Amino acid sequence: MADRVTVIGWDGSPLDPAARAALQAATLVAGAPRHLALPEIPSHAERIQLGSVPLAARRIAAHRGTAVVLADGDPGFFGVVRDLRDPRHGLEVEVIPAVSAVAAAFARASMPWDDARVVVATRRTLRRAVNVCRAHPKVAVLTSPGAGPAEIALLLGGVHRTFVICESLGTPRERVSVLTSDNVTQHGWTDPNVVLVIGGTVPAAASGWLAGTDPGHDAQPRGWGLEPEEYEQPAPPGGHGTGGDPRLRALQLADLGPGTGDLLWDVGAGCGLVGIEAARLGAAVITVDRDARACAVIGATARRQGLQVEVVNGPAPSVLAGLPEPDLVRVGAGGTRTLAACADRRPQRIVTHVLTRDQAEAAGRILRGAGYEVRCTLVQSVELRTADWSERHRSVAFLLTGRRPAAASAARTAPNGPASHP
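Before going into details, it helps to say that this report is about the structure given with it. Being a predicted model, the structure only gives us computed values, none of them experimental.

1. Brief notes about the pairing of strand β4 (residues 67-72)
Summarising burial for β4: six of the six residues are buried, a large majority. In β4, alternate side chains face the same way, and those of Ala67, Val69 and Ala71 on one face and Val68, Leu70 and Asp72 on the other are all buried. Where strand β1 (residues 4-10) meets β4, six bridges bridge the pair, whose relative direction is parallel. Bridging across to β4, Ile8 finds its partner in Leu70. Bridge count for strand β2 (residues 28-31) against β4 is three bridges, and the pairing is parallel. Within β4, the residue paired with Ala30 across the bridge is Val69.

2. So, the packing of helix α8 (residues 246-256) against helix α9 (residues 273-280)
The geometry of α8 relative to α9 is characterised by a closest axis approach of 10 Å and an angle of 50° between their N-to-C directions. With respect to their mutual orientation, α8 and α9 come out oblique. At the point where α8 passes α9, the crossing takes the right-handed sense. On α9, the residues touching Arg249, Gln252 and Leu253 of α8 are Leu273, Val274, Glu277 and Ala278. Partitioning the contact of α8 with α9 into residue classes produces four nonpolar, one polar and two charged.

3. Structural notes on the environment of Cys133
Locating Cys133 in the fold gives a position in helix α6 (residues 126-135). On the basis of relative accessibility, which here comes to 0%, the residue Cys133 falls in the buried class. Among all residues touching Cys133, those that are not within four sequence positions of it are Val139, Val141, Leu156, Arg161 and Val197.

About the cut-offs
- Here the residue index of a chain counts from 1 through its sequence in written order.
- In keeping with the model being predicted, local features are shown solely for residues with a pLDDT of at least 70 and side-chain atom pairs are shown and tallied solely at 80 or more, while totals for entire chains, interfaces and linings include all residues.
- Where side-chain values are given, they derive from all heavy atoms of the structure, hydrogens and water being excluded.
- In this scheme, a residue with accessible area under 20% of its type's maximum is buried, one over 50% is exposed, and one in between is partly exposed, where area comes from a 1.4 Å probe on protein chains only.
- Helix numbering and strand numbering both begin at the N terminus, where a helix is a DSSP run of H or I of at least 4 residues and a strand a DSSP run of E of at least 2.
- Any two strands with at least two DSSP-identified bridges between them are counted as paired.
- For helices, the axis comes from a line fit to the C-alpha atoms of the stretch in contact; other axes are also lines fit to C-alpha atoms, and the angle between any two N-to-C directions lies between 0 and 180 degrees.
- Convention used here: angles under 35 degrees read as roughly parallel, angles over 145 as roughly antiparallel, angles from 65 to 115 as roughly perpendicular, and any remaining angle as oblique.
- Left-handed is the label given to a crossing in which the near helix is rotated counterclockwise from the far helix by less than a right angle, and right-handed is the label when the rotation is clockwise.
- In this description, contact between two residues means that some pair of their heavy atoms is separated by no more than 4.5 Å.
- The classification used treats Ala, Val, Leu, Ile, Met, Phe, Trp, Tyr, Cys and Pro as nonpolar, Asp, Glu, Lys and Arg as charged, and all other residues, Gly among them, as polar.

Given below as structure tokens:
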């Protein structure tokens, strides 16, 4: 019974002496077809095409002899090592890594990548991977069949990005192409490939201290539910109103729970700070407002914060028809027609606020009719001037939150396995 397996990463370059020695001693070798064609594999070794890693691990554990697994790049980075180390298999794993496909891709592009996000795109995770590309200016995408460069570009729609597409890295068939996202679908692409999605607002900043963090992150104000002045927004003559109240906004964000991979619509965005703060929490954001001046303020605020926020100027609900599917929606204005149109797109969570109980009951009926579990809270906040403890501002609103049942949400976001090229 095999109790030890050597995992060898391959980046197209000649294998080092340790990897050659492990292969020469192997009586079983598992890998993709391109790996199993390597001349270093002994002719007497049993060969297993690596499809399901857990299934291959069981075969390896039952094998009487010396086992080797071949994988692309660094097999410990979105690779096979995690599955092979599952305690159920009882395998001791030794790893001989190569340069990861992500590191090689950024090297081909002559770009640093400590500030890059890295995502795996499969048919089931593609939409969330694309949302990360919307939200961040530098993303490496490990693709898979059916979730490649063309599919990513199609889902990005009108969001302009530059694609660096690296095909068959480290092999004689290697090709690196640089083109804009609107031209990607006009070409055919071979697997495996890695896609660098670059673009949006990238603030100038020194090297950071945390991998995967956008430049300028540390310059953003601390916390959320902040006053507009923290974002250098001008105060409207009549005040921000109930919809712009920072305490209500904080509760809305808490109920929405935006994060990496989510797409949030902020409809009737007003000052746009729900969307701005959701973007700071990692979500992709589309803000919608019919007021062109409000849209200009939102766009300027996002640029100052170094955030990737798409701003749509137009009336809801008609302007919503062409937008990509949301995970989360905040309805700040537009009435029951807009709320119903948003609920019809079946986001996981949706929040809105109204000023009267009758309006709250009407909104609750719409959400329940669309299959949501509804919660309503009467929120009252009074801000005081601490110099004399007089009332400065009062806000009263009914906050409604609709959540899709857990089974429906899980079916929409269930993950898939990793891509084959770490």
